[in-house]
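# Coordinate analysis (summary)
Listed below, chain by chain, are the residues.
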Amino acid sequence: IQTILPIGMPGADPGLPKQNCKKIEVLDKSGVALKFADWRGESMEALRQVMRDVESRSGVAISVEDFPPEKFDRGVLVSPHPYNLSVLVVDAMRPNDTAFLSPFCSNNKCFDVNIPVAERGYERMLTEENQEIRDAISVDIARELSKEYVVLPLYQNVRKLYYPKEIKQLGVGRGFLQYPE
């Protein structure tokens, strides 16, 4: 994962994530902990240990808060959000730049950081009809989001689907978004 764009989208670059992070000196020195929204309650203790390790290495305090799915869903829809950090799973069953970038650049984005260059690019991308220009804009947006450390790609998953031999006339539909009956 050399970019935040999923493999298959123009501008995506496969491989291991680049580990070029450096300690940033613009962190809030107030001592207030960042709030990590844990929407999978069974991982709470493991996450707390990870965040203690992060704090000991970086000095950044991160509290892990329980956000069951219904509470998390309500929190995503308000701004400012009731959390600072969360794991977002963004899938890309097909190369759709609008669907992939909307959680980061649209009016209904999932975080409270404003990246005007990316947001303007997203608006431009929505109205652009030339696909080559759209692709270039989405690559620029991804670069800007990476530069501002808004998104940290953890991994990408490519899956093979296996169906029983007795299924005849298998068709998964346009964009692989349908399933056999």
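Residues numbered from 1 in each chain as written. Predicted model: local features only at pLDDT ≥ 70, side-chain atom pairs only at ≥ 80, totals over all residues. Heavy atoms only, no water.

### Points about the pairing of strand β1 (residues 34-38)
Rule in force here: Only strands that DSSP links by at least two bridges are regarded as paired with each other. The secondary structure listing takes helices from DSSP runs of H or I that are at least 4 residues long and strands from runs of E that are at least 2 residues long, numbered from the N terminus. By convention, orient the strands away from the viewer: a clockwise path from the first strand over the helix to the second makes the crossover right-handed.
Looking at chain direction, β1 and strand β2 (residues 62-66) are connected through 5 bridges and run parallel. In the strand pairing of β2, leucine 34 is matched with isoleucine 62. Remark: the β1/helix α1 (residues 44-58)/β2 crossover connection has right-handed handedness. Relative to strand β3 (residues 85-86), β1 runs parallel, the two sharing 2 bridges. Paired with phenylalanine 36 across the two strands is leucine 85, which belongs to β3.

### Overview of the side chain of serine 138
How we decide: Contacts are assigned to residue pairs with any non-hydrogen atoms lying within 4.5 Å of each other.
Within the secondary structure, serine 138 sits in helix α5 (residues 131-147). Residues in contact with serine 138, not counting those within four places in the same chain, are Leu5, Pro10, Asp97, Leu101 and Met125.

### Concerning the pattern of salt bridges
Condition: Salt bridges are counted wherever a side-chain nitrogen of Lys or Arg sits within 4 Å of a carboxyl oxygen of Asp or Glu. Relative accessibility decides the category of a residue: with a 1.4 Å probe and only protein chains considered, values under 20% of the type maximum give buried, values over 50% give exposed, and everything between is partly exposed.
According to the stated counting rule, one finds 4 salt bridges in the structure shown. Salt-bridge contacts for aspartate 97 lead to arginine 134; the nearest nitrogen and oxygen are separated by 2.8 Å. Of this pair, aspartate 97 sits in helix α3 (residues 97-105) while arginine 134 sits in helix α5; the two residues are 37 residues apart in sequence, bridging distant segments of the chain. Comparing aspartate 97 with arginine 134, the two get one shared label, buried.

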